[in-house]
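Each chain, letter by letter, is given below.
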Amino acid sequence: MTDRELLGIASTAKLGGHPIHPMLIPFPIALFTAVFASDLAFWATADTFWADASLWLLGAGLVMSAAAAVAGFTDFLGNPRVRAISDAWHHMIGNVVAVTLASVSFIFRIATGADWAVPWGLALSAIVFLLLVFTGWKGGALVYQHRVGVHPEAEFEDRIT
């Protein structure tokens, strides 16, 4: 491997030298995964507690995904090297679709209550969950294969000590 291959692509959105996007993404992932789990619980029990939980989890997931999206879009738009990576496009488009579907689910749940949670809410939360698995894989490829967000000035020896 040459020295150039070891260098990373700097993140545009940083706080204290650390990329912001990876600090925020665990929250919407966990919240949207919990929506799927609570929808499954509602389907199994018909207890409206789980439908209500899904609504609150969706709302929190949408707020946190908006914060993560601001940092992600800043990184994506702020560096042409990032935009040249196909995994970055797959990651971004998949997440936009997931958040759009989660937003649709949130709106219908507010309008109709627990009646919409099964089957439509469950179907959308399953699709969102699967999309997050895909986009998480692509996000991992951005970091581990393409070295996006890895400090570009650091020498390889500095990274392993």
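Refer to the preceding data block for the structure.
Residues numbered from 1 in each chain as written. Predicted model: local features only at pLDDT ≥ 70, side-chain atom pairs only at ≥ 80, totals over all residues. Heavy atoms only, no water.

(A) Here's a closer look at the overall build of the protein. The helix and strand inventory of the protein stands at eight helices and two strands. The order of α-helices and β-strands along the protein, N terminus first, is α-β-β-α-α-α-α-α-α-α. With respect to the principal axes defined by its C-alpha atoms, the protein has extents near 60 × 30 × 25 Å. Of all 161 residues assigned to the protein, the portion counted as buried reaches 38%. Counted over contacts in the protein with a minimum sequence separation of 6, partners at least 24 positions apart contribute 74%. For the protein, the accessible surface area stands at approximately 9,200 Å², while carbon and sulfur atoms represent 73% of it. Placing the 8 positive and 12 negative side-chain charges of the protein at their respective mean positions leaves the two points 9 Å apart. (Helix = DSSP H or I, 4+ residues; strand = E, 2+ residues; numbered from the N terminus. Buried < 20%, exposed > 50% of the residue type's maximum accessible area, 1.4 Å probe, protein only. Contact = heavy atoms within 4.5 Å. Areas by Shrake-Rupley, 256 points an atom, 1.4 Å probe, with all protein chains shown as cover. Lys, Arg positive; Asp, Glu negative; His and termini not counted. Charge placed at Lys NZ, Arg CZ, Asp CG, Glu CD.)

(B) Representation of the pattern of salt bridges. Evaluation of the coordinates by the stated rule reveals two salt bridges. Between D39 and R109 there is a salt bridge whose closest N-O contact spans 2.6 Å. Of this pair, D39 sits in helix 3 (residues 26-45) while R109 sits in helix 6 (residues 86-112), and the two are 70 residues apart along the sequence. (Salt bridge = Lys/Arg side-chain N within 4 Å of Asp/Glu carboxyl O.)

(C) Main features of the environment of P19. By the secondary structure assignment, P19 is in strand 2 (residues 18-19). With residues up to four places along the chain from it excluded, the contact list for P19 reads S11, A13, K14 and G149.

(D) Layout of the packing of aromatic side chains. What the rule picks out here adds up to four aromatic pairs. Centre to centre, the rings of F76 and W89 are 4.8 Å apart; their planes meet at 85°, and the pair counts as edge-to-face. In this pair, F76 is assigned in helix 4 (residues 48-78) and W89 in helix 6, connecting sequence segments 13 residues apart. When its relative accessible area of 7% is taken as the criterion, F76 is described as buried. Between F108 and W116, the aromatic rings sit 5.0 Å apart at their centres with planes inclined by 15°, giving stacked as the arrangement. (Phe/Tyr/Trp six-rings, centres within 6.5 Å; stacked < 30°, edge-to-face > 60°.)

(E) Spatial organisation of unusual backbone geometry. Here V118 and P119 are connected by a cis peptide whose omega angle stands at 10°. With phi around 60°, A46 is a residue other than glycine that occupies positive phi space. Relative to the elements of secondary structure, A46 occurs in the loop between helix 3 and helix 4.

(F) A look at the nonpolar core. Counting residues in hydrophobic clusters, the biggest one holds nine residues: F32, V35, L58, L62, A98, A102, V128, L131 and L132. Contributing elements (two or more residues each) for this core: helix 3, helix 4, helix 6 and helix 7 (117-144). Ranked by size, the runner-up nonpolar core spans eight residues in total, among them A88, M92, L142 and V148. (Core = buried A, V, L, I, M, F, W, Y, C linked by side-chain atoms within 4.5 Å.)

(G) Examining the environment of L24 more closely. Here L24 shows up in helix 2 (residues 21-24). With a relative accessible area of 19%, L24 lands in the buried category. Residues L24 and T45, 21 residues apart in the sequence, show an inter-C-alpha distance of 32 Å.

(H) Summary view of the side chain of S11. Along the polypeptide, S11 turns up in the loop between helix 1 (3-6) and strand 1 (14-15). Dropping the residues within four chain positions of it, S11 is found in contact with P19, D75 and G149.

(I) A look at the environment of G136. Here G136 shows up in helix 7. In sequence terms G136 and I29 are 107 residues apart; their C-alpha atoms lie 8.8 Å from each other.

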